[in-house]
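Survey of secondary and tertiary structure
What follows is the residue order along each chain.
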Amino acid sequence: MLTITFAALRTRWTALVGMFVALALGVGLIAATGLGLASTFDAPDRAPQRFAASPVVVMGDDTLTVRVRRGPSTVRITEPLAHPHPVDIELLHDLKALGPVTRGRPAAGADPGDAVGVDAPADEVRRVVGDRAQVLTGDERRRADPATERDAEALTGVNALLGTAGAVTAFVSVLVVASTFAFAVALRRREFGLLRTAGATPGQLRRLLLAEAFVVAVLASATGCALGGWGAPHLARLLVDGEVAPPWFAIRPAVWPLYAAFWTGPAVALAGVWAASRRAGRTGPAEALREADVDAGVLPPVRRALGFALLAGSIFLMTKSLVTDPSGLLKRKTYITQPMVLITGVALLAPLPVRSSTRWLRFPGATGMLVRANAAASLRRTAAVAAPVLIVVALAGSVAGSARTVSQARAAEAHEHTRADLVVTGEDLTVRPVPGATLSASASTAVFVREEGTALIRSQARAVDDAAALAAVERLPVVAGDIRDLDDRSIVVNEEWEQHTVGATVRVWLGDGRPVSLRIAAVLAVGTGNNGAYVTAANVPVAPVDRIDVRLAPGADRTAVAAALRHSGGTVRSTQQWLAATHPRTSPQTRFGLMVVLGIALVYAAIALANTLLMAGSVRSAELAALRAAGATGPQVLGVVAGETLFAVALGAGLGMGVTAVNLAGLGAALAALSAPVTMSVEWPVVVGATGVCAVVAVAAALTPRAVRQGQRRNGSPLPASRFR
């Protein structure tokens, strides 16, 4: 078997080179992203900065720990507080009795009173502090540095991007390898017929193809791991230059990503080849005598059933999300990964629309007639060309379109919810009454709630000083209750909370960790996620005012009011300017990350198109010679080949836009269910650009094989019939 396998590899290397390149590239990308992921698990080891000279640091509590149920037992869940505790005066006095106490040099984003350095033995400090604060020694002292928290937050975004890119790589590589190998098997049916005539069993044919795939995959995996190790530092530099990763991000040494990437190659290859090998095993000896190239039975019952099952599964998942958690469809990971199920189902059923589309499409002239006839007769070739185009167009339309739709919905929602004429923003604003204006000052905070006893949920919140002023300057989407009923013993929640009945009491932890029981005064629609909770400023006295919404009275002097507001210490902007600054359509970092994901899919589509069409062109000598013998000129032959290719590309693009329409329709339904503005949008430049690249690569690959180029002569006259005897 191995002798036959290596002989087949030597003679069929042109048919397997596409799979080798796809696998090597896929393993390389998985290795690079895996190395990047391994580098995001921990922030870089930084030496303590604020208290570098102090052997011990005492820091106020900065986390909330709550017990929740996990099966029959309970576990402790910890969340960072929105407002960490300071080191109080009494504790500070006790610490001074042990030794010199250092406040530490100021640092951006740090409260000067949140931590102090103590020059005393650590055991003595722990005895005095007890449970009133945290005692940090050694490398733990850097927890008092604001840069530590910023490092962790920066790595979260990089981790999400690299994880998504790795998932897309694995998904697209499986489809590309499966499509490429299925077409290669279809081209080798006469070879398999001869082997069956010589006595080969179906099991031996299956093992032959699986062995070929395994050998190619091992070689490709080794190459891919080398590429991944070389490319990982370049990927890190690309993320830093794109401002997706922080400037200090770099690849750290790790071995497990290379092992995982290496064995992903054979797994992907065998998964992609398995269905094709079973079909090859069913090849009969009569195939060796077959001369007709009309495809029949290209959609076996198993493939048909699997395709429809995936279509039904994708619709079920979307419907379930709409019913149980519509806000989940607005999350980036969801609208990037969920379309993959629908794309796979449509790709499996791609041969179905080929023949039906050729029936109602009419192309002019004899060339158009041949294009239509050849596309209908060569279903496997047409579907193999359409599939990668479908993948890249569907991902481009669904992913980029979903990101743009969600960002536009959030911007439109923010615009609808405000009545303010001016907005003042800053870190610690001073609020003073201004004649001719209603001011609503608020601070950013958070509240924590234990839902169903099994989860601790953190919700963003605003602490307001006057509920009546809030109602005057905001147009909040209240679905029950009245926002003006908010007082120091109540809270405003949204419909996403487990308990959201007006008048009911809910147990929460405030931003500084204090547990309180508050009555629900009003309930807001969920929206796009910006409709958080509201409490009064008395509940969170440590939260500094960071925004003042201002509504002008009729006849008030806008310039005079703006001048008076500048004494608050913040930036005064019109509402439109504030919205433009805080609710951009799509951030540059998000757009860069999406382009990385789509770029991976586009590269794979180009490889699949080039490999499929090069293989197809290499076996079309007899077909094209028959065209020339029938009187077709060289340009007509090239026109037929290019026309068939463009028809398949257009079919794939049409199917991709169909998938996009379904995904965006589900997203629009989710926005409507959340009472958010429905603003559907498609990134047409991205979709058209991806389709154009696929068309150029496909036509170039279709016209490259020598069998095609030999089908024309410089004078354009038909070839002599003796050439075909």
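Treat the numbers as computed from the prediction; the structure is a model and nothing was measured.

So, about the overall build of the protein. A count of helical and extended segments in the protein gives 22 helices and 16 strands. The buried share of the protein, taken over its 725 residues, is 50%. For the protein, long-range pairs separated by at least 24 residues make up 81% of all intrachain contacts whose partners lie at least 6 apart in sequence. As presented, the protein carries roughly 32,700 Å² of accessible surface, and 59% of it is formed by carbon and sulfur atoms.

Within the structure shown, the criterion is met by six cavities of 30 Å³ or more. Put simply, the largest cavity is a space of about 120 Å³. Along the walls of the largest cavity sit 15 residues, with R381, L613, R620, E644 and T645 positioned nearest its centre. Secondary structure elements with two or more residues in the lining of the largest cavity: α13 (365-377), α14 (379-416), α18 (588-618) and α20 (634-673). Taken together, the residues of the lining of the largest cavity sort by class into eight nonpolar, four polar and three charged. Space inside the second largest cavity adds up to approximately 100 Å³. Going through the elements one at a time, α10 (332-337) and α20 are the ones with two or more residues in the lining of the second largest cavity.

Pairing is antiparallel across the open sheet formed by four strands, whose spatial order is β4-β5-β1-β6. At either end of the open sheet lies a strand with only one pairing partner, and these are β4 (101-102) and β6 (134-137). Inspection of the sheet shows strand β1 (residues 56-59) paired to strand β5 (residues 115-118) by four bridges, in the antiparallel sense. Of the residues in β5, the one forming a bridge with V58 is V116. Here helix α4 (residues 122-129) sits on the sheet in contact with β1, β5 and β6, set at roughly 170° to β6.

Before going further, it helps to spend a moment on the packing of helix α11 (residues 339-348) against α14. Close contact between α11 and α14 brings their axes to 10 Å; oriented N to C, the two are set at 150°. The pairing of α11 with α14 is recorded here as roughly antiparallel in orientation. The way α11 lies across α14 gives a crossing that is right-handed. Judged by residue contacts, P339, I343, V346 and A347 of α11 engage L390, I391, A394, L395 and S398 from α14. Looking at the contact of α11 with α14, its residues break down into eight nonpolar, one polar and no charged.

Looking now at the nonpolar core. Counting residues in each nonpolar core, the largest one holds 101 residues, and the members touching the most others are M19, L23, V172, L239 and L395. A total of 16 residues in this core trace back to one element, the largest contributor, which is α14. Those residues in contact with V172, other than ones at most four positions away along the chain, are I391, L395, A601 and Y604.

Right, let's talk about the pattern of salt bridges for a bit. Inspection of the entire model under this criterion finds 11 salt bridges. One salt bridge in this structure joins E644 and R381, with 3.0 Å as the shortest N-O distance. Taken together, the positions of E644 in helix α20 and R381 in helix α14 put the pair 263 residues apart, joining distant regions of the chain. A single burial state applies to E644 and to R381, both of which are buried. With its nearest N and O atoms 2.9 Å apart, the salt bridge here joins R514 to D512. According to the relative accessible area criterion, R514 is partly exposed, its value standing at 34%. Ionic contacts of the salt-bridge type, sharing partners, join the residues E474, R547 and D549 into one network.

Further remarks concern the confidence of the model for the protein. When pLDDT is low, close inspection of the predicted coordinates is not appropriate. Chain-level pLDDT for the protein is 82 on average; 87% of the residues reach the 70-or-more range. Long-range and interchain partners of residues 106-110, a stretch whose pLDDT sits below 50, account for seven contacts in this model, where long-range means more than four residues apart. Under a pLDDT of 50 for its full length, residues 713-725 has, in the predicted model, 16 contacts with residues more than four places off or in other chains.

Further remarks concern α4. All of the buried residues along α4 are V125, V128 and V129. Summarising the axial view, the buried residues of α4 lie within an arc of 95°, below the 170-degree limit, and thus occupy one face. Facing away from the buried side of α4 by more than 90 degrees, the exposed set consists of D123 and R127. Next to the buried residues of α4 lie β1, α3 (89-96), β5 and β6. Just downstream of α4 lies G130, where phi reads positive at about 60°.

Taken as a whole, this structure holds one aromatic pair when the rule is applied. Here F262 and W263 contribute two aromatic rings whose centre-to-centre distance is 5.1 Å and whose plane-to-plane angle is 85°, an arrangement assigned as edge-to-face.

Attention shifts here to helix α17 (residues 575-582). Taken as a whole, α17 has its buried residues at T575, W578 and L579. One face of α17 carries all of its buried residues, which in axial projection span an arc of 100°.

The next point concerns the packing of helix α12 (residues 351-360) against α13. Put simply, α12 and α13 touch, their axes get as near as 9 Å, and they point 160° apart. Compared by their axis directions, α12 and α13 come out roughly antiparallel. Here the hand of the crossing between α12 and α13 comes out left-handed. Along the contact surface, α12 presents V354, R355 and T358, while α13 presents R372, A375 and A376. Split into classes, the residues belonging to the contact of α12 with α13 amount to three nonpolar, one polar and two charged.

Across eight bridges, the pairing between strand β2 (residues 63-70) and strand β3 (residues 73-80) is antiparallel. Directly across from V66, in β3, lies its bridge partner I77. From the end of β2 to the start of β3, which pair antiparallel, there are two residues, and G71 there has a positive phi angle of about 70°.

Of the two faces of strand β16 (residues 571-574), the one holding V572 and S574 is buried and the one holding T571 and R573 is not buried anywhere. With four bridges connecting them, strand β7 (residues 422-425) and β16 associate as antiparallel partners. When the sheet's bridge partners are listed, T425 is paired in β16 with T571.

Attention shifts here to a nonpolar patch on the surface. A grouping of F214, V255, Y259, W263 and L270 is seen on the molecular surface, where their side chains present a nonpolar patch of about 520 Å² in accessible area. The dominant element in the nonpolar patch, judged by the number of residues it contributes, is helix α8 (residues 256-281), at three residues. Tracing the backbone through its elements, the reader meets V255 in the loop between α7 (202-241) and α8.

The rules we used
- Residues numbered from 1 in each chain as written.
- Predicted model: local features only at pLDDT ≥ 70, side-chain atom pairs only at ≥ 80, totals over all residues.
- Heavy atoms only, no water.
- Helix = DSSP H or I, 4+ residues; strand = E, 2+ residues; numbered from the N terminus.
- Buried < 20%, exposed > 50% of the residue type's maximum accessible area, 1.4 Å probe, protein only.
- Contact = heavy atoms within 4.5 Å.
- Areas by Shrake-Rupley, 256 points an atom, 1.4 Å probe, with all protein chains shown as cover.
- 1 Å grid on protein atoms, 1.4 Å probe; cavity = no way out; pocket = protein on both sides within 12 Å on 5 of 7 lines; lining within 4 Å.
- Points joined across faces, edges and corners; volume = space filled by probe spheres on them.
- Nonpolar A, V, L, I, M, F, W, Y, C, P; charged D, E, K, R; others polar.
- Pairing = 2+ DSSP bridges.
- Axes fitted to C-alpha atoms, helices over the stretch in contact; angles between N-to-C directions.
- Parallel < 35°, antiparallel > 145°, perpendicular 65-115°, else oblique.
- Left-handed = near helix turned anticlockwise from the far one by under 90°.
- Core = buried A, V, L, I, M, F, W, Y, C linked by side-chain atoms within 4.5 Å.
- Salt bridge = Lys/Arg side-chain N within 4 Å of Asp/Glu carboxyl O.
- pLDDT = per-residue confidence, 0-100.
- Arc of directions from axis to C-beta.
- Phe/Tyr/Trp six-rings, centres within 6.5 Å; stacked < 30°, edge-to-face > 60°.
- Patch = residues over 30% accessible without salt bridge, like charges linked within 9 Å, V, L, I, M, F, W, Y side chains within 5 Å.

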